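The residues making up each chain are set out below.
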Amino acid sequence: MSSLSSHVDAFVAEVRERWEVPGVAVAIVRRDGPLHVHAYGVSSVTSSAPVDVDTTFAIGSCSKAFTSGLAAALVDAGKIDWDDPIRKYLPSFQLYDRWISDRVTLRDLLANRTGLSRASVGEYGSDLSRAELLHQARYIQPIAGFRDQFTYCNVGYAAAAEAMALTAGHPFDHVMDEYLRRPLGVTPSTVSEVQSMATSNVAAPHYKVASKVQVVPPMSTDNLSGAIGQAMSARDAARWLAFHLEEGTRQDTRLVSPQQLRETHLLQVARRDQAANDGYGFGWHVRNRRIQHDGAVRGFRTNIWCDLAGGLGIFVTTNLGSGFAQFAITNRIIQAIRGEAVTDWIAHFDEMAKGELNERIARFDKERFEEPVSTSRWRLDDFIGNYQHEGFGSLHIEPRNDHLWFRIDGLSGFDGPLVRYSDLSFEHQGDRDALAWPAIAAAEVPRGERAQVRFRAAQNEIDGLCWSDWFGEAKFIRVT
């Protein structure tokens, strides 16, 4: 154990130095007890306050496993059933198809097998209230058939959480505390609650802004509670990992039945691309008897990995909202425990990021030279107008000094300049991390490092555009 701890300590120190990570929390647990529970660095580069094993970090989409764990407890309590139609508990819930709306179940939502796209105004960082977000679900378009394959969608988890809250008769956070977090000894429940406590031991979110790691404003996650929003410390994580390894118990007390907790670990829907995982369970990516989920929310990155058959669980979280520290540390721990030759994971992820960036810039340069602005028939004024997409709603392309401005109703975090670099293509320089830093004041020279907006021309006019970003592609039609 001391050898493992020394190994982890040394590698975390290397990761923090190379990638300028302010704080890290790690928990390594075997079925018979914890191996290593530790925290490193600072909660904030502004105050330099050290983190400890009780410092809480936002865990982003790793919250989904808490939502499915709560569902398992409510199934045990007879309040819900995995295969009940969601409209039994949430009558107003509606998807793009009436037949599917009547039949979509809690299982479908938690398994991410509805076929829904991530291209919607409510998926991440929106200005919508929770009620507005759930209402907007009816406009999200499918990218796969219903129950056909795994398609990730945060809105489905928000709907599942709301259904559980309504059937239990209390707000979702209250139900989570009552049935799961308080019995586990893990409190408080949400990022919002942690931040509101005057004496709370909380890690601040960070990004590298203008080549310097800085504290950024925390993100409100209340409208997506169930999909994101949970917070956890290293000590909390050790209990959470043990809960899964011990099949629903804590200190010999049964909290969730093995049958229902195993349901969350089972493969519920396959991935067409099985390069990383076979598919998805409930809140977990699944491969054989191993489950994993990573989470990213403004200023934080987390990874949780469990080998259920081997009885080993690992939790790694950081308060830096970019990079791959959470994966590098997890992978190094797995190799150390297995006694395998260690990989230089820092170099591996640096090369991967560099390769992806170079590919993007190469495509940018190719288009810029093959379709030069200098020979284009289109003026900037030709692109100005209002555009519509089922999931994102109304997009406004507006004039702003010597460039265009991109603005979507209800998604102010992504407002920003559009800077032209070819005949029909623009670099979208909006804030891709949803208001992680101050509003953009001026457009920059495009470099091919950011998202793309490419307009579509037909019959001597601009009649649409395609926005390509973290969610994939969204095709808008021009309405005025």
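To be clear, the structure that these remarks concern was listed above.
The text that follows walks through the structure, step by step, so that each part is easy to find. (Residues numbered from 1 in each chain as written. Predicted model: local features only at pLDDT ≥ 70, side-chain atom pairs only at ≥ 80, totals over all residues. Heavy atoms only, no water.)

### Focus: the sheet that holds strand S11 (residues 285–287)
(1) Moving on: Strand order in the open sheet made by the eight strands is S2-S1-S14-S13-S12-S11-S10-S9, with antiparallel pairing throughout. With partners counted over all chains shown, the strands left at the sheet margins are strand S2 (33–41) and strand S9 (269–270), one partner each.
(2) Moving on: Across seven bridges, the pairing between strand S13 (residues 300–307) and strand S14 (residues 312–318) is antiparallel. Along S14, the bridge assignment pairs Asn303 with Val316.
(3) Moving on: On the sheet, helix H9 (residues 234–245) packs against strand S1 (23–30), S2, S13 and S14 and is oriented at approximately 30° with respect to S1. (Pairing = 2+ DSSP bridges. Helix = DSSP H or I, 4+ residues; strand = E, 2+ residues; numbered from the N terminus. Contact = heavy atoms within 4.5 Å. Axes fitted to C-alpha atoms, helices over the stretch in contact; angles between N-to-C directions.)

### Some remarks on the sheet that holds strand S18 (residues 416–420)
Sheets are built from strands that pair by backbone hydrogen bonding, the pairs being arranged parallel or antiparallel.
(1) Moving on: With antiparallel pairing, the eight strands of this closed barrel are ordered in space as S15-S16-S17-S18-S19-S20-S21-S22. Adjacent strand axes in the sheet meet at a mean angle of 30°, parallel and antiparallel pairs treated alike.
(2) Moving on: Here strand S15 (residues 385–389) pairs with strand S22 (residues 472–478) via two bridges, running antiparallel. Bridging across to S22, Gln388 finds its partner in Ile477.

### Concerning helix H12 (residues 345–370)
(1) Moving on: Taking 1.5 Å of rise per residue, 26 residues should cover 38 Å, and H12 covers 37 Å from first to last C-alpha, within 8% of that figure.
(2) Moving on: Taken together, the buried positions of H12 are occupied by Trp345, Ile346, Phe349, Phe364 and Glu367.
(3) Moving on: Contacts made by the buried residues of H12 are with helix H1 (2–19), helix H11 (325–338), strand S19 (425–428) and strand S20 (451–458). (Expected span 1.5 Å × (residues − 1). Buried < 20%, exposed > 50% of the residue type's maximum accessible area, 1.4 Å probe, protein only.)

### Thoughts on the packing of aromatic side chains
What characterises a pair of aromatic rings is the spacing of the ring centres plus the angle enclosed by the ring planes.
(1) Moving on: Inspection of the entire model under this criterion finds 25 aromatic pairs.
(2) Moving on: Between Phe383 and Phe455 the ring centres are 4.6 Å apart and the planes differ by 50°, which places this aromatic pair in the tilted class. Here Phe383, found in the loop between H12 and S15, pairs with Phe455, found in strand S20; they are 72 residues apart in sequence, far enough to count as distant. Across this residue pair, the class does not change: Phe383 and Phe455 are buried.
(3) Moving on: A ring pair is formed by Tyr387 and Phe455, whose centres lie 5.8 Å apart and whose planes are at 65°; its orientation type is edge-to-face. Taken together, the residues span a long stretch of sequence, with Tyr387 in strand S15 and Phe455 in strand S20 at a distance of 68 residues. Per residue, the accessibility class of Tyr387 equals that of Phe455, and both read buried.
(4) Moving on: Above the ring of Phe369, the side-chain terminus of Arg368 is found at 4.8 Å from the ring centroid. (Phe/Tyr/Trp six-rings, centres within 6.5 Å; stacked < 30°, edge-to-face > 60°. Lys NZ or Arg CZ within 6 Å of the ring centre and 35° of its normal.)

### Observations concerning the pattern of salt bridges
(1) Moving on: Applying the stated criterion across every chain yields a total of 28 salt bridges.
(2) Moving on: Between Asp108 and Arg113 there is a salt bridge, with the nearest N and O atoms lying 2.5 Å from each other. Accessibility assignment for this pair places Asp108 and Arg113 in one class, buried.
(3) Moving on: Glu370 is paired through a salt bridge with Lys366; the nearest N and O atoms lie 3.1 Å apart. One end of the pair, Glu370, and the other, Lys366, are both in helix H12, four residues apart, so they sit about a helical turn from each other. Exposure class is identical for Glu370 and Lys366. Each is exposed.
(4) Moving on: Taken together, the salt bridges that share partners define one network made up of Glu444, Arg447, Glu449 and Arg450. (Salt bridge = Lys/Arg side-chain N within 4 Å of Asp/Glu carboxyl O.)

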